[in-house]
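Examination of the molecular architecture
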Amino acid sequence: MTQYILAFDQGTTSSRAIVFDRQGNVLSLAQKEFQQIFPQSGWVEHDADEIWSSQIGVANEALARIGIAASDIAAIGITNQRETTIVWDRKTGRPIHHAIVWQDRRTAEFANELKAAGHAALFQQKTGLVIDAYFSATKLKWLLDNVPEARQKADRGELAFGTVDSWLVWKLTHGALHITDVTNACRTMLYNIHTNDWDDELLALLEIPRHLLPTVCSSSEQYGHTAEGVLGAQVAIAGIAGDQQAATFGQASLQTGMAKNTYGTGCFMLLNTGDQPMTSHHNLLTTIAWKIKGRTSYALEGSVFVAGAVVQWLRDGLGIIRRSEDIEALASSVSDHGGVYFVPAFVGLGAPYWDSEARGTMVGLSRGTTAAHIARAALESIAYQSADVLDAMRQDAKLALPELRVDGGAARNDLLMQFQADVLGVPVVRPKITETTALGAAYLAGLAVGYWQDEQEIVQLWQMDKRFEPTISDDQRQFLRQGWQRAVSQARYR
């Protein structure tokens, strides 16, 4: 009987479900956007129940579109927006508050207090992370301190914390499983990447009860099965990875020294550093790439907070494009940026700056500036931010990068990909299947149930769509990058 893998791809702005075959081809895709909630400036929330309803809805839709049943699915793989924090009542299964999204900055002041108290080195040594409101720990503490009776209920063992993967598994199994995987656990700022366990010293420092936390599993194993009535058949849940680690796996960047960049709401670059965690001296994150069959792989990561979101802002905030996909044509209608640099620091700057006080800035405007120049500058800002991250990676890892593999929605934009190659000075390679985040989750689930034999089979499935070679001189590249750095300094001026 022909069987397939179903991937849940739960992102920041939409829930998606994709059915893959043995060749890694997309057979069916369903997607549903959900509400973005902004209670006040710098705060970003999601309705966790809406995340669940949209995700299970698209899963059923994806199956129905090609006329297959849940019994035709060999396994489910889950990939998710990371760091987003949910706390729910174990008895009722109801969230005690909206999910606090990774972009949310409400705990920036507390994060700064932790740094001022001298805890930065402790957190980096144990977790591989910088102290920042980006991660789950400060969000979890905020929920316990600010939701009425939350801390008392937590102390009595009545509440459960999870990132989005934990929430989905809880719902899929009707509360039978409260788990996460190493790639999500290591993004909480509470997980020790050396001992591979929650860290009691950090939990005590942030006043977080250990029994709130999920059990940490590997990224590829049979965790359990969906409960009866959820999908129409009991299906193995067998793969979990945070979206950026999943994309790295889906890109078959499985060897030390391989790197990928995902262009989504934010931009996330990962460099595979093998079986040893590498400490960054240039404000990057040390993160777990995945854990399979008892073997843990690590990566260096640089996170850009606003990438594709800048295109959404041009559409929804300024109204200079009607659809996100219109930006390439508009930006291509001018030969260059016309001297305009746009730093989209709407929620501060991520790696390698980690400046929560920076704000969006546009410089170089003149009477000749048009909407097309602003659109082009917005696209170019994505490439510049990624180039800043890659520079830091090169310095940390002392590795010459042969190429950068790219994926995500904006990777389909040829103008952006060519400019990315130009400002990096290395080839940018786009695969035939750009749904690499979901594909990585599918691969992890499939490996656990024997759908794919081993990692070498996955490497052989990867296929190139297009290769973008650098086309500008070193002098031109340096001139452009210097202009960008001047603009960044303006965004950081406070």
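Each chain carries its own residue numbering, running from 1 in the direction its sequence is written. Where totals are concerned, whole chains, interfaces and linings use all residues; where local detail is concerned, this predicted model gives features only for residues with pLDDT of at least 70, and gives and counts side-chain atom pairs only at 80 or more. Heavy atoms from the whole structure form the basis of all side-chain values; hydrogens and water molecules are not counted.

1. Notes on the overall build of the protein chain
Here a helix means four or more residues in a row that DSSP labels H or I, a strand means two or more in a row labelled E, and each is numbered from the N terminus. For the protein chain, the helix and strand inventory stands at 16 helices and 23 strands. Over its C-alpha atoms the protein chain spans a radius of gyration of 22 Å, differing by no more than 12% from the 23 Å that the globule rule assigns to 494 residues. When the 494 residues of the protein chain are sorted by exposure, 62% land in the buried category. Any pair of residues with heavy atoms lying within 4.5 Å of one another is described as a contacting pair. Sequence-distant contacts in the protein chain: of pairs separated by 6 or more residues, those separated by 24 or more amount to 73%. A positive count includes Lys and Arg, and a negative count includes Asp and Glu. His and the chain ends are not counted in either. Lys charges are placed at NZ, Arg charges at CZ, Asp charges at CG and Glu charges at CD. Taken together, the 43 basic and 54 acidic charged side chains of the protein chain have centroids lying 2 Å from each other. Our radius of gyration is a C-alpha quantity, and the globule rule it is checked against amounts to 2.2 Å times the number of residues to the power 0.38. Exposure classes here rest on a 1.4 Å probe applied to the protein chains alone. A residue is buried below 20% of its type maximum, exposed above 50%, and partly exposed in between.

2. Quick look at helix H3 (residues 120-127)
Every buried residue of H3 is accounted for by Phe123, Lys126 and Thr127. One side of H3 carries all its buried residues, which in axial view fall inside an arc of 75 degrees. In this structure, the buried side of H3 is in contact with strand E10 (191-192), helix H8 (200-205) and strand E17 (285-292). A positive phi of about 80 degrees marks Gly128, the residue just after H3. Arc definition: directions from the helix axis to the C-beta atoms.

3. A few points about the environment of Leu114
Within the fold, Leu114 resides in helix H2 (residues 108-116). Note on Leu114: relative accessible area 6%, which makes it buried. Filtering out sequence-adjacent residues up to four positions away, Leu114 remains in contact with His119, Ile131, Thr138, Met189 and Leu206.

4. Re the packing of helix H12 (residues 371-397) against helix H16 (residues 474-491)
Geometrically, a packed helix pair is captured by the angle between its two axes and the distance between the axes. Between H12 and H16, the shortest axis-to-axis distance is 11 Å and the interhelical angle comes to 95 degrees. Judged by the inter-axis angle, H12 sits roughly perpendicular to H16. Where H12 approaches H16, its residues Ser381, Tyr384, Gln385, Ala387, Asp388 and Asp391 are matched on the opposing element by Leu480, Arg481, Trp484 and Gln485. Lys, Arg, Asp and Glu make up the charged group, whereas Ala, Val, Leu, Ile, Met, Phe, Trp, Tyr, Cys and Pro make up the nonpolar group; the residues left over, Gly among them, are polar. Of the residues contributing to the contact of H12 with H16, the split by class is four nonpolar, three polar and three charged. In this description, a line fitted to the C-alpha atoms serves as the axis of each element, helices being fitted only across the stretch in contact, and the angle between N-to-C directions of two axes falls anywhere from 0 to 180 degrees. Should an angle lie under 35 degrees it is considered roughly parallel, over 145 roughly antiparallel, and from 65 to 115 roughly perpendicular; all remaining angles are considered oblique.

5. Structural notes on the nonpolar core
The criterion is simple. A nonpolar core is a set of buried Ala, Val, Leu, Ile, Met, Phe, Trp, Tyr and Cys residues joined through side-chain atoms within 4.5 Å. Counting 103 residues, the largest nonpolar core has Leu140, Leu190, Ile208, Leu212, Leu213 and Tyr263 as its most contacted members. No other element matches H12, which puts 14 residues into this core. Not counting chain neighbours up to four residues away, the residues in contact with Leu213 comprise Leu140, Phe161, His178, Leu190, Trp198, Leu203 and Ile208. Residues Ala17, Ala233, Val235 and Ile237 belong to the second largest nonpolar core, which totals 41 residues.

6. A look at the packing of aromatic side chains
Pairing of aromatic rings covers Phe, Tyr and the six-membered ring of Trp, with a centre-to-centre limit of 6.5 Å; geometry is then stacked below 30 degrees between planes, edge-to-face above 60, and tilted otherwise. According to the stated counting rule, one finds 20 aromatic pairs in the structure shown. On the basis of an interplanar angle of 80 degrees and a centroid distance of 5.5 Å, the ring pair of Tyr191 and Trp198 is categorised as edge-to-face. Across this residue pair, the class does not change: Tyr191 and Trp198 are buried. Among the aromatic residues, those joined into a cluster by ring pairs are Trp102, Tyr134, Phe135, Phe268, Phe305 and Trp354. By the criterion adopted, a ring carries a charge over it if an Arg CZ or a Lys NZ lies within 6 Å of its centre and within 35 degrees of its normal. Here Arg106 stacks its cationic end above the ring of Trp142, 4.5 Å away from the centre of that ring. The aromatic ring of Trp462 is capped on one face by Arg405, whose charged end is 3.7 Å from the ring centroid.

7. Thoughts on the packing of helix H10 (residues 308-318) against H12
Two numbers describe how H10 lies on H12: the axes approach to 9 Å, and their chain directions differ by 160 degrees. Judged by the angle between their axes, H10 and H12 are roughly antiparallel. Note on packing geometry: the crossing formed by H10 with H12 is right-handed. In contact with Gly308, Val310 and Leu314 of H10, H12 contributes Ile374, Ala375, Ala378 and Ile382. By definition, turning the near helix anticlockwise from the far helix through less than a right angle yields a left-handed crossing, and turning it clockwise yields a right-handed one.

These figures come from the coordinates and say nothing about function on their own.
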